[in-house]
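# Coordinate analysis (summary)
Here is what each chain is made of, one letter per residue.
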Amino acid sequence: MAKLILEIQDLHKYFGKLEVLKGINLKVYEKDVICLIGPSGAGKSTLLRCINRLEEPTRGKVIFDGVDITDRKVNLNKIRSEIGMVFQHFNLFPHMTALQNCTLGLIKVRKMRKEEAEKKAMEVLERVGLAQKAHAKPRELSGGQQQRVAIARALAMEPKLMLFDEPTSALDPELIGEVLAVMLDLAARGMTMIVVTHEMGFARRAATRVCMLDHGLILEEGPPEKIFNSPEHERTKEFLSKIL
Amino acid sequence: MNQIIENFFNFEALARSQKLLLIGLETTLRLIGLAVLLAMGFGLFLAVLRHANRRWLNPLIIAYVDVVRACPIIVLLMLIYYALPFIGIRLPAFWAGILALSLNGGAFYSEIFRGGIEAIPRGQTEAARSLGLTYMQTMRIVILPQAIRIILPPLTTNTLELIKASAVASTVALPDLLRQALQAQSLTLNATPLVAVLMLYLLILLPLVQLVTFFERRVKNSG
């Protein structure tokens, strides 16, 4: 049996009186690629953001690598440095070069020496195919390139888990492919990933499991063939028929 | 015409008041240098503290900033210099001036810094925190460098205002430029020292005014 990386137990999240997550249970094993799908407002992004506590869970447990991160006493910054996150709008630091974006965490969080950090950063930029853009500022890069740098920035920390929050939703259609290619490569190399996405082609190819969320609950989960070819729930069928 | 030159641009009077004016200039430069530094630091501190969003602290900061901004700086100075001694706190004129200018300037600066910090998209903070950076690291390395670029024009304008306001210190007998000039005037029975003070202020402040225009143009072009 593969190693359990993340376990979410009965996770609830309220925004004021609105219950956005209504008791999520999920287990993620090493090398899993979990795709979270579902209509907007289902709670996919909120679920993802509860995993590194960008949102505070209201109730329930999130156990990452054996540690309950909802515990007040945990070293949250250390845990966050082990969970990579890629955002819909890239969120690169605009006043830093691609290389500096990638070395920041290594130098400030991991206390790595500058030369060592730069070597590591060049490696990951190479992996996303952007070593030649190392000294470019984000505004000099296309959206697809920016998102690849953002992936490199997360990768540089050698995370045990990577979270992707609709990584291609803000991209022009012709730029989506290059980002998905990088993500497929990551999956093939055995990176454990949780991906909120509307790219069903990616989910089919890369996911080990697909979770369908609706109204704050996981309606059904299973291997992509099952979810896409013979979904059990009416809501899943309806959702898939709208977007496929 | 002769009367104007005789009374406003009298070299003899200027020469006689030179020493007084130089002392004044030195005092004023020390006063504004320290006050601007402290006010800016205090303002930044308030803004960062407020942004950290501690529930019990924020109302206090907001109340402070609002009250001080509504209080004329000369009243604040009089309170510090003439009222505090009643409860045993007696500050020299220089430090009373520094305190009044820092308290007042800090309140205005803090609003400017806050505006800059809030103008930076939330995603920047989230990206930095998700890497494992602390709140203070995120502020220092990611947010403030971006925020300061945006707020350079109001920051400089506020500094200009603070420097001009420093002349109130003359009202508590601090030998600053204005005070010394008034004294030189009564000594020489001539208005030239006052004109000289105006010239010195313009010498200090006109470059700053130009700087504001330069920053404004740059922000406009890059935005």
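Check the entry above for the structure.
A brief structural summary.

So, how was this worked out
- Residues numbered from 1 in each chain as written.
- Chains lettered and ligands numbered in written order.
- Predicted model: local features only at pLDDT ≥ 70, side-chain atom pairs only at ≥ 80, totals over all residues.
- Heavy atoms only, no water.
- Helix = DSSP H or I, 4+ residues; strand = E, 2+ residues; numbered from the N terminus.
- Rg over C-alpha atoms; globule rule 2.2 N^0.38 Å.
- Areas by Shrake-Rupley, 256 points an atom, 1.4 Å probe, with all protein chains shown as cover.
- Contact = heavy atoms within 4.5 Å.
- Salt bridge = Lys/Arg side-chain N within 4 Å of Asp/Glu carboxyl O.
- Polar contact = N/O pair within 3.5 Å; in protein donor to acceptor, adjacent residues only side chain to side chain.
- Core = buried A, V, L, I, M, F, W, Y, C linked by side-chain atoms within 4.5 Å.
- Buried < 20%, exposed > 50% of the residue type's maximum accessible area, 1.4 Å probe, protein only.
- Patch = residues over 30% accessible without salt bridge, like charges linked within 9 Å, V, L, I, M, F, W, Y side chains within 5 Å.

### Details of the overall build of chain A
- When helices and strands are counted, chain A shows nine helices and 10 strands.
- For chain A, the C-alpha radius of gyration of 18 Å lies close to 18 Å, the compact-globule estimate for 244 residues.
- Its C-alpha atoms give chain A principal-axis dimensions of about 55 × 45 × 40 Å.
- A total accessible area of about 10,700 Å² is found for chain A, and carbon and sulfur atoms account for 49% of it.

### So, the interface of chain B and chain A
- Contact with chain B, which involves 17 residues of that partner, is made by 22 residues of chain A.
- A salt bridge links Arg 49 of chain A to Glu 126 of chain B; its shortest N-O distance comes to 2.7 Å.
- Taken together, chain B and chain A are joined by five residue pairs in polar contact (both at pLDDT 80 or more).
- Of all the secondary structure elements, the ones that give two or more residues to the side of chain B that touches chain A are α6 (122-130) and α7 (135-165) of chain B.
- Ranked by residues supplied to the side of chain B that touches chain A, first place goes to α6 of chain B with eight residues.

### Here's the deal with the nonpolar core
- By size, the foremost hydrophobic cluster in this structure holds 139 residues, and its most contacted members are Leu 6, Ile 151, Met 162, Met 193 and Ile 194 of chain A.
- The element best represented in this core is α7 of chain B, accounting for 12 residues.
- If sequence neighbours within four positions are ignored, Met 193 of chain A has contacts with Asp 32, Val 33, Ile 34, Leu 161, Met 162, Phe 164, Met 183, Leu 186, Ala 187 and Phe 202 of chain A.
- Formed by six residues, the second largest nonpolar core is a distinct cluster that contains Leu 46, Leu 57, Val 65 and Ala 107 of chain B.

### Details of a nonpolar patch on the surface
Residue and element names in this part refer to chain B.
- A cluster of nonpolar side chains, Met 1, Ile 4, Ile 5, Phe 8, Phe 9, Leu 198, Met 199, Leu 202, Leu 206 and Val 209, forms an exposed patch at the surface whose accessible area comes to about 930 Å².
- Looking at the nonpolar patch, the elements that each hand over two or more residues are α1 (2-8) and α9 (192-222).
- Counting residues per element, the nonpolar patch draws most heavily on α9, at five residues.
- The residue Phe 8 is located in helix α1 in this model.

### Quick word on the environment of Leu 203 of chain B
Residues and elements named next belong to chain B.
- Summarising the element assignment, Leu 203 is placed in helix α9.
- Relative accessible area serves as the criterion here: at 63%, Leu 203 is assigned to the exposed category.
- For the pair Leu 203 and Glu 118, spaced 85 residues apart in sequence, the C-alpha to C-alpha distance is 35 Å.

### Regarding the pattern of salt bridges
Residues and elements named next belong to chain A.
- Counted under the stated rule, the structure contains 30 salt bridges over all chains.
- Of the charged contacts in the structure, one is a salt bridge between Asp 65 and Lys 3, with a shortest N-O distance of 3.2 Å. One end of the pair, Asp 65, is in the loop between β4 (59-64) and β5 (67-68); the other, Lys 3, is in the segment before β1 (4-15), with 62 residues separating them in the sequence.
- Across the pair Arg 235 and Glu 238 runs a salt bridge whose closest N-O atoms are separated by 3.2 Å. Here Arg 235 and its partner Glu 238 are both found in helix α9 (residues 234-243), three residues apart, which amounts to about one turn of the helix.
- Note on Arg 235: relative accessible area 27%, which makes it partly exposed.
- The exposure class assigned to Glu 238 is partly exposed, which follows from its relative accessible area of 36%.

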